Amino acid sequence: MNTSSSTRDTIKQKIRSFLFIERSWFNKIVKYFWILFISFCIGFPFYIYSVSINLFGLFGGMPSYVAIENPENDLSSEIISADGVSLGRYFRYNRSQVAFNELSPDLVNTLIYSEDHRFYEHSGMDFIAYLRVIYGVLTLDPKGGGSTITQQLAKNLYTQNPELALDGTLSKLGRYPRRLIQKTKEWIISYHLEKNFTKEEIIAMYLNTAEFGSNSYGIKVAAETYFGKTPDSLNVQESAVLVGMLQAITKFNPVFNPENSLSKRNEVLAKLLKHGYIQSKQDFDSIKALPIALSYKVQNQNEGLATYFRTVIRNDLMKWCEENGYDLWESGLKIYTTIDSRMQRYAEEALTNHMRNLQKDFKNSWNGRDPWMDENFNTIKGFLESRIKQTDAYRNYVAKYGVDSDSVKIMLNVKKPMRIFTWDGERDTLFSSMDSLNYYKRFLQAGFMSMDPHTGEVKAWVGGINHKYFKYDHVKQGTRQPGSTFKPFTYGTAIENGFSPCLKLPDISPSFDLPSGTWRPPNSEGGYGNGEKYTLRQAMARSLNSITAQLIQKVKPENVVDFAKRAGIESPLDAVPSLCLGVSDVSLFELIGAYSTFVNEGIYTQPYYISRIEDKNGNIVEVFTPKTRQAMNEQTAYKMVYMLKGGVEEEGGTSRGLPAELKIENEIGGKTGTTNNASDGWYMGITPNLVSGAWVGGDERSIHYRSWDKGQGSKTARPIWAQYMLKVYGDTTLPYKKGFFKLPSSGMDATLDCDRYEQSDSGNPDESWNPDDSI
């Protein structure tokens, strides 16, 4: 027994010796494995925890869990028309959010199959993909990245922020430590994103935070910029282009690198075929053969509809944001306006079409001469030399060389490459600063606005001929002499004081004794009247200065000022006799508001253009309503509508030349206006539900047509109004139809049938008044 037991002990000892002594390397491997395993089990969680709390400031900041659960982006604020069309945005980064249900299925599936086909199978980290990456590194044959859509979202939201990625001590040691820490943060954030959001929410968030180049942040802006679409209408090939850009924005940009983009698109489509989303090779080949059909337009304040409008209301919005704790550029506000995109487009088309032809006529009328003239029609000497001093170029050169330096003049005349505006499109040329000034000063400018007189809603606003090259707004920002478009306020004062539209007065211009001497206004053709009698309606229709002057002589200038102010004019008005001819500057915005008072039964409704503002979550923050007041009684208001209709209906009326199509089963009133030397041409037109107006003139009063006849408002401004109204009436989807003006609710207090009146019973409140009397 002892011998047998001893033998067994000897065998066991030899086995142990063989396994653990003579094969000590195996023991060491096992030992090291356990050490590493235990270290990993303890150390990795500690590392993750250390990164998450930025232990000793070694790793850089991390967003709080609250921030991860409520991710924020800088969101552009969007301007939306009354009919739901996006007019533009205010942004630092042009980004606008969409929900998952606003993404096309083609887009969603293209993203998943191209970027993360196991997206619905993992919880933010794809370990199979990591093994593929490791294998690719070891075999020097990389097979793509391992980041999931969730990790890419984490990167977009947080780890690209320099404050989070680079402020740790270890991050400053170099590229590899920084990259490891960044990936670790992505893992941590991805875990919390997956924990707090559904897969669909993560996809929408990722596409909302992605950058696509050309100032496009987020899929909504990208779809609009590259394809002129909303994300819910993107097809599979368009989706493949945009998804392909996510890997390298510039390299695969379809505008700047179309061949690369096409190749990448087809590579993405091949993945869709591989995973069965594209069901057959035949379908793949047919889609692959299609070119990239772009509708490329970078969004900025010079592009799109209502460019002047968007610029003008920006100051109003910035003030509102300051008072209410929002940032116009980042808060993602939805700003709903009263502008109708269809009417806005018609207004812009009408103004552009007319001004293109008018500019040719204006140029031909001067036949190469300079169009800046003094009151005696002599060319203003030194005009450009004086105006160049108002430019940024001059100020910059003076700051650099000194005000008396010859270098300033030399540099102002140095030619350089420049892109300029023409009515046939932009053109590249060589211009100096003086050349540029000389070129642009020769352009006629214009403004147009249309308003619903009953609601106060501004429906169309065109502030100029091209916002990129001419920034000045001629609707609200600019004021000019209104000429004869101011006459209705003189006539309105008389009507309010008992004068009848049927009162007949002789066409004789009165004299006014003023401190500067005697003033006697001539009629537009140059004479002082022929003595023939006209009713007030006929006189205003023909725009006779003589009879208008007689009225202000009787009713007094200060009363005309009061009436005009009540009607809606806000600019300063000089209470002088010449006020009746429109010598005090006003804006087109004011005039349209004041004319609307006549149509709106004597109630002034301040024109307004913002209806409501919502925050980024769709909550209504504020609703805007127009200010109203009773400016005159409805009898006076309707009589002024009747007076304005005279321009269309009376023989010799300045609105008689309107297209016949506009007058069929429709009542229209209108008033032209032309200032001295035809510096300003105006037209104000009223219909039962729209009041619209146009202004045309040079950049300065000294820039005008050579003849008054060519520059009068009936030729420069009235055609814009007419073209616009034809387009509006031609659109059956709009609520603005032809019709008839509403009579006063209490009935008329007088019969407006001037054929029944003689001067003896025409309503003159003072039969002893002699229009030859002077004041």
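For the structure itself, consult the block above.
Participant: Any details on the overall build of the chain? Residues and values, ideally.
Facilitator: Regarding its fold elements, the chain presents 29 helices and 18 strands. By residue count, 50% of the 775 residues in the chain fall in the buried class. A separation threshold of at least 6 residues defines the contact pool for the chain, and within that pool the share at least 24 residues apart is 70%. When the accessible area of the chain is evaluated, it comes to approximately 36,500 Å², of which 52% is carbon and sulfur surface.

Participant: Please set out the environment of Ile 188 residue by residue, giving values where relevant.
Facilitator: Take Ile 188: it is sitting in helix α8 (residues 175-196). Between the alpha carbons of Ile 188 and Gln 151 there is a distance of 9.2 Å; along the sequence they are 37 residues apart.

Participant: Help me get a handle on empty space enclosed by the protein, residues and values and all.
Facilitator: Per the counting criterion, the structure on display carries two cavities of 30 Å³ or more. The space that makes up the largest cavity amounts to roughly 60 Å³. Together, 13 residues line the largest cavity, and Leu 444, Ala 678, Val 696, Gly 697 and Tyr 705 are the ones closest to its centre. Looking at the lining of the largest cavity, the elements with two or more residues in it are β17 (680-686) and β18 (691-697).

Participant: Tell me about the packing of aromatic side chains, and please be specific about residues and values.
Facilitator: In total, this model carries 31 aromatic pairs according to the counting rule given. Relative to Tyr 296, the ring of Tyr 226 lies with its centre 5.6 Å away and its plane at 40 degrees, an arrangement referred to as tilted. Residue Tyr 226 is found in helix α10 (residues 219-227), and its partner Tyr 296 is found in the loop between α13 (281-288) and α14 (307-324); the two are separated by 70 residues along the sequence. Here Phe 421 and Phe 470 contribute two aromatic rings whose centre-to-centre distance is 5.7 Å and whose plane-to-plane angle is 85 degrees, an arrangement assigned as edge-to-face. Pair noted here: Phe 421 is in the loop between β4 (416-420) and β5 (427-431) and Phe 470 is in the loop between β7 (458-462) and α20 (487-496), with a separation of 49 residues, a long-range link. Here Phe 421 matches Phe 470 in class, with each residue buried.

Participant: Quick one: what's the story with the nonpolar core, residue by residue and with numbers?
Facilitator: Side chains of a nonpolar character, in soluble globular proteins, are inclined to be buried together. The biggest cluster of nonpolar side chains holds 136 residues, and the ones touching the most others in it are Met 355, Trp 461, Phe 489 and Tyr 724. Broken down by element, this core gets its largest block of residues, nine residues, from helix α15 (residues 341-366). With sequence-adjacent residues up to four places away left out, Trp 461 is seen in contact with Ala 306, Tyr 308, Phe 309, Val 312, Ile 339, Gln 344, Phe 448, Asp 473, Val 475, Lys 476, Phe 589 and Tyr 609.

Participant: I'd love a proper account of the sheet that holds strand β13 (residues 610-614), names of residues and values included.
Facilitator: As summarised here, the arrangement of the five strands in space is β2-β1-β3-β13-β14, forming an open sheet in which the pairing is mixed. A strand with exactly one partner marks an edge of an open sheet, and here the two such strands are β2 (86-90) and β14 (620-623). Along the sheet, successive strands turn relative to each other by an average axial angle of 20 degrees, direction set aside. Note: strand β1 (residues 77-80) against β2, four bridges, orientation antiparallel.

Participant: Explain the pairing of β1 to me, and be specific about the residues and the numbers.
Facilitator: What you see with β1 is no split at all: Ser 77 and Ile 79 on one side and Glu 78 and Ile 80 on the other are buried throughout. Two strands pair when backbone bridges link them, and β1 and strand β3 (residues 334-337) are joined in this way by three bridges, in the parallel orientation. Each bridged residue has a counterpart across the sheet, and for Ile 79 the counterpart in β3 is Ile 335.

Participant: How would you summarise the pattern of salt bridges if you had to cite specific residues and measurements?
Facilitator: Per the stated rule, a full pass over the model turns up 32 salt bridges. Close ionic contact of Glu 700 with Arg 387 constitutes a salt bridge, the shortest N to O distance being 2.7 Å. Residue Glu 700 is located in the loop between β18 and α27 (708-711), and its partner Arg 387 is located in helix α16 (residues 383-387); the two are separated by 313 residues in the primary sequence. Arg 387 matches Glu 700 in its accessibility class, with the two residues each being buried. Of the charged contacts, one joins Lys 441 and Glu 700 as a salt bridge, the two residues approaching to 2.8 Å between their closest N and O atoms. A residue pair is termed long-range when its members are at least 10 positions apart, and Lys 441 in the loop between α19 (433-440) and β6 (445-451) and Glu 700 in the loop between β18 and α27 qualify at 259 residues.

Participant: So what's going on with the packing of α20 against helix α22 (residues 545-555)? Residues and values would help.
Facilitator: α22 packs onto α20 with a crossing angle of 50 degrees between their chain directions and a minimal axis gap of 9 Å. Viewed along their axes, α20 and α22 adopt a mutual orientation that is oblique. In this structure, α20 crosses over α22, and the sense of that crossing is left-handed. Two secondary-structure elements touch here, α20 through Lys 487, Thr 490, Tyr 491, Thr 493 and Ala 494 and α22 through Asn 545, Ile 547, Thr 548, Leu 551, Ile 552 and Val 555. Per-class residue counts for the contact of α20 with α22 are six nonpolar, four polar and one charged.

Participant: Which residues make up the environment of Ala 446, and what are the values?
Facilitator: With respect to the element layout, Ala 446 can be found in strand β6. The spatial distance from the C-alpha of Ala 446 to the C-alpha of Ala 694 is 7.2 Å, given a sequence separation of 248 residues. Contacts of Ala 446, omitting those with residues within four sequence positions, involve Leu 351, Met 355, Val 462, Gly 463, Gly 464, Ile 465, His 474, Trp 695 and Val 696.

Participant: Can you lay out the side chain of Asn 666 for me, pointing to particular residues and giving the numbers?
Facilitator: With respect to the element layout, Asn 666 can be found in the loop between α26 (660-663) and β16 (669-674). At 3.0 Å, the side chain of Asn 666 forms a polar contact with the backbone oxygen of Leu 662. For Asn 666, the side chain forms a polar contact with the side chain of Tyr 729, separated by 3.2 Å. With residues near it in sequence (within four places) discarded, Asn 666 still touches Pro 688, Tyr 729, Lys 738, Gly 739 and Phe 740.

Participant: Run through the side chain of Ser 692, naming residues and quoting values.
Facilitator: With respect to the helices, strands and loops of the structure, Ser 692 is situated in strand β18. One polar contact links Ser 692 to Ser 450, side chain to side chain, over a distance of 2.7 Å. For Ser 692, the contacting residues outside a window of four places in its chain are Phe 448, Met 449, Ser 450, Met 451, Ile 592, Tyr 683, Met 684, Gly 685, Trp 721 and Tyr 724.

Participant: If you had to explain helix α9 (residues 199-209) to someone new, which residues and values would you point to?
Facilitator: The buried count for α9 comes to nine of eleven residues, which makes it a mostly enclosed element. Buried residues of α9: Lys 199, Ile 202, Ile 203, Ala 204, Met 205, Tyr 206, Leu 207, Asn 208 and Thr 209, and no others.

Participant: Can you lay out a nonpolar patch on the surface for me, pointing to particular residues and giving the numbers?
Facilitator: There is a patch of nonpolar side chains on the surface, built from Phe 256, Leu 294 and Tyr 296 and spanning about 280 Å² of accessible area. For Tyr 296, a relative accessible area of 31% puts it in the partly exposed group.

Participant: So what's going on with the pairing of β6? Residues and values would help.
Facilitator: Where burial is concerned, most of β6 is hidden: seven out of the seven residues are buried. Alternating positions in β6 separate into two faces, Gln 445, Gly 447, Met 449 and Met 451 on one and Ala 446, Phe 448 and Ser 450 on the other, with burial throughout. Where β6 lies against β18, seven bridges are found, and the strand directions are antiparallel. Opposite Ser 450, over in β18, you have Ser 692 as the bridge partner. In this structure, β6 lies alongside β7, joined through four bridges in antiparallel fashion. Following the sheet pairing, Phe 448 is matched in β7 by Val 462. Count of turn residues in the β6/β7 antiparallel hairpin: six residues, of which Gly 456 carries a positive phi of about 85 degrees.

Participant: I'd like a rundown of helix α23 (residues 557-567), residues and numbers included.
Facilitator: Considered for burial, the residues of α23 that qualify are Pro 557, Val 560, Val 561, Phe 563, Ala 564 and Ala 567. Considered in projection along α23, the buried side chains sweep an arc of 165 degrees and stay on one side of the axis. Taken from the residues just after α23, Gly 568 is the one with a positive phi, measuring 140 degrees.

What counts, and where the lines are drawn
- Residues numbered from 1 in each chain as written.
- Predicted model: local features only at pLDDT ≥ 70, side-chain atom pairs only at ≥ 80, totals over all residues.
- Heavy atoms only, no water.
- Helix = DSSP H or I, 4+ residues; strand = E, 2+ residues; numbered from the N terminus.
- Buried < 20%, exposed > 50% of the residue type's maximum accessible area, 1.4 Å probe, protein only.
- Contact = heavy atoms within 4.5 Å.
- Areas by Shrake-Rupley, 256 points an atom, 1.4 Å probe, with all protein chains shown as cover.
- 1 Å grid on protein atoms, 1.4 Å probe; cavity = no way out; pocket = protein on both sides within 12 Å on 5 of 7 lines; lining within 4 Å.
- Points joined across faces, edges and corners; volume = space filled by probe spheres on them.
- Phe/Tyr/Trp six-rings, centres within 6.5 Å; stacked < 30°, edge-to-face > 60°.
- Core = buried A, V, L, I, M, F, W, Y, C linked by side-chain atoms within 4.5 Å.
- Pairing = 2+ DSSP bridges.
- Axes fitted to C-alpha atoms, helices over the stretch in contact; angles between N-to-C directions.
- Salt bridge = Lys/Arg side-chain N within 4 Å of Asp/Glu carboxyl O.
- Parallel < 35°, antiparallel > 145°, perpendicular 65-115°, else oblique.
- Left-handed = near helix turned anticlockwise from the far one by under 90°.
- Nonpolar A, V, L, I, M, F, W, Y, C, P; charged D, E, K, R; others polar.
- Polar contact = N/O pair within 3.5 Å; in protein donor to acceptor, adjacent residues only side chain to side chain.
- Patch = residues over 30% accessible without salt bridge, like charges linked within 9 Å, V, L, I, M, F, W, Y side chains within 5 Å.
- Arc of directions from axis to C-beta.

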